[in-house]
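In case you want the letters, here they are:
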Amino acid sequence: MSELSAQAPDYPFRNPTPLEPPREWAELRQGCPIAPIRLASGDQALLLTRYADVKQVLSDPRFTRQLDAEDAARVTANESGGVFGSGGSAMTGENHRAWRQLIGKAFTAKRVTAMQPRIEAMAGRLVEELVAQGAPGDLVSTVGFPLPVWAICDLLGVPDSDRDRFAYWSDTMLSMTRFSQEEIDAAQAEFNAYLVAHVETKRAEPGDDLISELLAIVEGLDGRLTERLLLGTAKGLLVAGHETTANMIGKMVSMLLADRTRWEALLADRALIRPAVEETLRFDANPGFGMPRYLGEEVEVADETLPKGTTVVCSMAAANRDEEQFERAAELRLDRSPNPHLAFGAGPHSCLGQALARTELQTVLKVLLERLPTLELAVPAEELPRREGLIIGGLERVPVRW
């Protein structure tokens with residue numbers, strides 16, 4: 001067992017530079033794949049860093065998302081469970097399967113495919129605004145943040161005029177250390193009140209959106225999907241869907257511009273866009289916290305017996321760099337295929353919005369290559385300013401010129 005594991009280091013770990021992974025990932029994968037860590041709350045948990053272990057745990061229904069259990073480790077001191085327990089994610093077994101089945105009927109690949117032209121048009125408008133403001137510009141605030149907010153609003157039938165209100169709400173609800181409990185409680189209350197009113201509006205005047213369709217499904221199934229779960233679903237999509245994708249747009253473009261040969265390769269061959277998006281998702285060195293799980297019974301992982309009441313944190317990002325799974329895992333390879341990365345999780349709780357996230361990432365990359373072929377970072381990659389204190393991590397700004 002490594003010295004790190006014996007000392008239960010503070011988690012999340014610090015990246016040496018914005019686009020480089022923490023050195024602890026490789027050390028723990030090799031020497032202590034199930035490692036004690038200390039969370040922001042002061043509670044201890046176990047960190048998993050190997051691909052096989054992370055995939056096993058995320059796919060095993062005995063590892064639940066019931067992080068409000070009395071003996072579960074708290075992620076932050078501010079609340080138990082927090083954003084990790086929102087929506088249908090805290091359900092297990094038959095209830096969770098039923099919920100996923102119902103959501104799947106409404107949130108289909110066909111619906112996402114139909115959104116793509118609108119996403120592309122919006123991305124084009126945002127890039128035009130970036131150019132109009134002049135170089136250097138910030139890719140995060142002008143393109144990365146507004147696009148996913150707009151897409152989620154489009155999906156849920158939320159008016160465009162309300163999209164700016166989600167910035168503060170989602171920032172607050174995904175904070176580890178940046179906001180007080182008072183601020184978190186206020187944001188939660190405002191957000192919930194907004195969603196309750198929005199659901200009632202859609203109940204009275206249905207449209208061609210996910211909320212309206214979910215309401216129709218609820219009515220048709222005698223309320224099997226309760227209003228609480230409907231609100232949780234909308235909240236989960238808005239918070240997780242816009243914040244994580246907004247962050248990933250900035251990180252993806254930064255990774256591709258950090259080595260100019262990558263951008264040139266994409267300019268020469270647009271067929272690389274799809275695998276390049278998957279590879280940046282795998283290669284992401286700054287993904288934030290990872291995925292916590294609570295163990296309601298004794299389970300064996302990597303030849304080690306984990307007792308009931310254990311909280312584990314799955315580092316999908318560390319697993320995505322596991323040399324046992326990925327050849328030349330420490331290299332970003334635009335044409336990597338197959339690429340079974342775990343950026344969207346695995347098993348029954350894998351990211352519900354991954355088709356939408358992939359569409360947004362592929363579309364924004366396509367538009368940037370077309371509109372701004374000379375795009376480059378305006379600061380060295382190691383000087384990109386990071387977001388601090390957020391569960392999802394990321395870059396505060398991505399200064400670019402063209």
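So, a few notes on the structure that sits alongside this text. Counting of residues starts from 1 at the beginning of each chain's written sequence and follows it residue by residue. In keeping with the predicted nature of the model, local features appear solely for residues at pLDDT of at least 70, side-chain atom pairs appear and are counted solely at 80 or more, and the whole-chain, interface and lining totals rest on all residues. Excluded from the side-chain calculation are hydrogens and water; included are all heavy atoms of the structure.

### Details of the overall build of the protein chain
- In this text, helices come from DSSP runs of H or I with a minimum length of four residues, and strands from runs of E with a minimum of two, each type numbered from the N-terminal end. Across its full length, the protein chain holds 15 helices and 10 strands.
- The cut-offs for exposure are 20% and 50% of the maximum accessible area for each residue type, with area from a 1.4 Å probe on protein chains only; residues under the lower value are buried, those over the upper are exposed, and the others partly exposed. Buried positions account for 55% of the 402 residues belonging to the protein chain.
- Contact definition: two residues touch when any of their heavy atoms are within 4.5 Å. Taking contacts inside the protein chain between residues at least 6 apart in sequence as the whole, the part at least 24 apart equals 74%.
- Accessible surface for the protein chain amounts to roughly 16,900 Å². Of this, 49% is attributable to carbon and sulfur atoms. The Shrake-Rupley method, run with a 1.4 Å probe, gives the accessible areas here. Residue values count only the displayed protein chains as cover.

### Concerning the sheet that holds strand E10 (residues 399–401)
- Taken in spatial order, the three strands of this open sheet run E4-E10-E9, and their pairing is antiparallel. In the strand order of this sheet, the two ends are held by strand E4 (137–138) and strand E9 (376–377), each with one partner.
- Strand pairing requires that DSSP identify at least two bridges connecting the strands. Where E4 meets E10, two bridges bridge the pair, whose relative direction is antiparallel. In the sheet register, Asp138 faces E10, and the bridge partner there is Pro399.

### Some words on the pairing of strand E1 (residues 34–38)
- Along E1, four of the five residues are buried, which leaves the element largely enclosed by surrounding structure.
- Of the pairings in the sheet, the one linking E1 to strand E2 (residues 44–48) comprises five bridges and is antiparallel in character. Bridge pairing links Ile37 to Ala45 in E2.
- Count of turn residues in the E1/E2 antiparallel hairpin: five residues, of which Gly42 carries a positive phi of about 100°.

### A few points about the side chain of Lys251
- Tracing the sequence through the fold places Lys251 in helix H11 (residues 227–258).
- The term polar contact refers here to a pair of N or O atoms within 3.5 Å; inside protein, the definition further demands a hydrogen-donor-capable atom paired with an acceptor-capable atom, and it admits residues adjacent in sequence only when both atoms are side-chain atoms. A polar contact of 2.7 Å, which involves the side chain of Lys251, links it to the side chain of Asp284.

### A look at the pattern of salt bridges
- A pairing counts as a salt bridge when a side-chain nitrogen of Lys or Arg comes within 4 Å of a carboxyl oxygen of Asp or Glu. According to the stated counting rule, one finds 20 salt bridges in the structure shown.
- One salt bridge in this structure joins Arg118 and Asp154, with 2.8 Å as the shortest N-O distance. With a gap of 36 residues between them, Arg118 in helix H5 (residues 109–133) and Asp154 in helix H7 (residues 146–156) connect regions that are remote in the sequence.
- For Asp154, a relative accessible area of 23% corresponds to the partly exposed category.
- Taking the shortest distance from any N to any O, the salt bridge between Arg387 and Glu396 comes out at 3.8 Å.
- Relative accessible area serves as the criterion here: at 30%, Glu396 is assigned to the partly exposed category.
- Each of Glu120, Lys366 and Glu370 takes part in one network of salt bridges that share partners.

### Observations concerning helix H15 (residues 354–371)
- By this rule, a helix spans an expected 1.5 Å times one less than how many residues it contains. Between its first and last C-alpha, H15 extends 26 Å over 18 residues, near the 26 Å set by a 1.5 Å rise per residue.
- Among the residues making up H15, those that are buried are Leu356, Ala357, Thr359, Glu360, Leu361, Gln362, Thr363, Val364, Leu365, Val367, Leu368 and Leu369.

### What to know about the nonpolar core
- Here, nonpolar core refers to any group of buried Ala, Val, Leu, Ile, Met, Phe, Trp, Tyr and Cys residues whose side-chain atoms link them within 4.5 Å. If you look at the biggest cluster of nonpolar residues, it comprises 78 residues, and the most contacted ones within it are Leu156, Phe166, Met252, Leu266, Leu365 and Leu368.
- Ranked by the residues each element gives to this core, the list is headed by H11, at 13 residues.
- The contact partners of Met252, leaving out residues within four places of it in the chain, are Val277, Thr280, Leu361, Val364 and Leu365.

### Quick notes on the sheet that holds strand E5 (residues 291–295)
- Pairing in this open sheet of five strands is mixed, and the strands run E1-E2-E8-E5-E3 from one edge to the other. The strands lining the two open edges of the sheet, one partner per strand, are E1 and strand E3 (63–64).
- One ladder, built from two bridges, connects E3 with E5; its direction is antiparallel. Bridging from a neighbouring strand, Phe63 pairs with Leu295 of E5.
- Its contacts with the sheet place helix H3 (residues 51–59) against E2, E3, E5 and strand E8 (311–314), and it is angled at close to 120° to E8. Comment: axis = line fitted to C-alpha atoms, over the contacting stretch for helices; angle = value between 0 and 180 degrees taken between N-to-C directions.

### Focus on the side chain of Thr359
- By the secondary structure assignment, Thr359 is in helix H15.
- Assessed through its relative accessible area of 15%, Thr359 is described here as buried.
- When sequence neighbours within four positions are dropped, the list of residues in contact with Thr359 reads Val112, Gln116 and Ile119.

### Brief notes about the packing of helix H13 (residues 273–283) against H15
- In contact at an axis separation of 10 Å, H13 and H15 are set at 120° when each is read in the N-to-C sense. As the angle between them shows, H13 and H15 are arranged oblique. In this structure, the crossing between H13 and H15 has a hand that is right-handed. Across the interface between the two elements, Ile273, Arg274, Val277, Glu278 and Leu281 of H13 pack against Arg358, Leu361, Gln362, Leu365, Lys366 and Leu369 of H15.
- Asp, Glu, Lys and Arg are counted as charged, while Ala, Val, Leu, Ile, Met, Phe, Trp, Tyr, Cys and Pro are counted as nonpolar; the rest, among them Gly, fall into the polar class. Tallied by class, the residues present in the contact of H13 with H15 amount to six nonpolar, one polar and four charged. Roughly parallel means an angle under 35 degrees; roughly antiparallel means over 145; roughly perpendicular covers 65 to 115; every other angle is labelled oblique. Here a crossing is taken to be left-handed if its near helix is turned anticlockwise relative to the far helix by less than a right angle, and right-handed if that turn runs clockwise.

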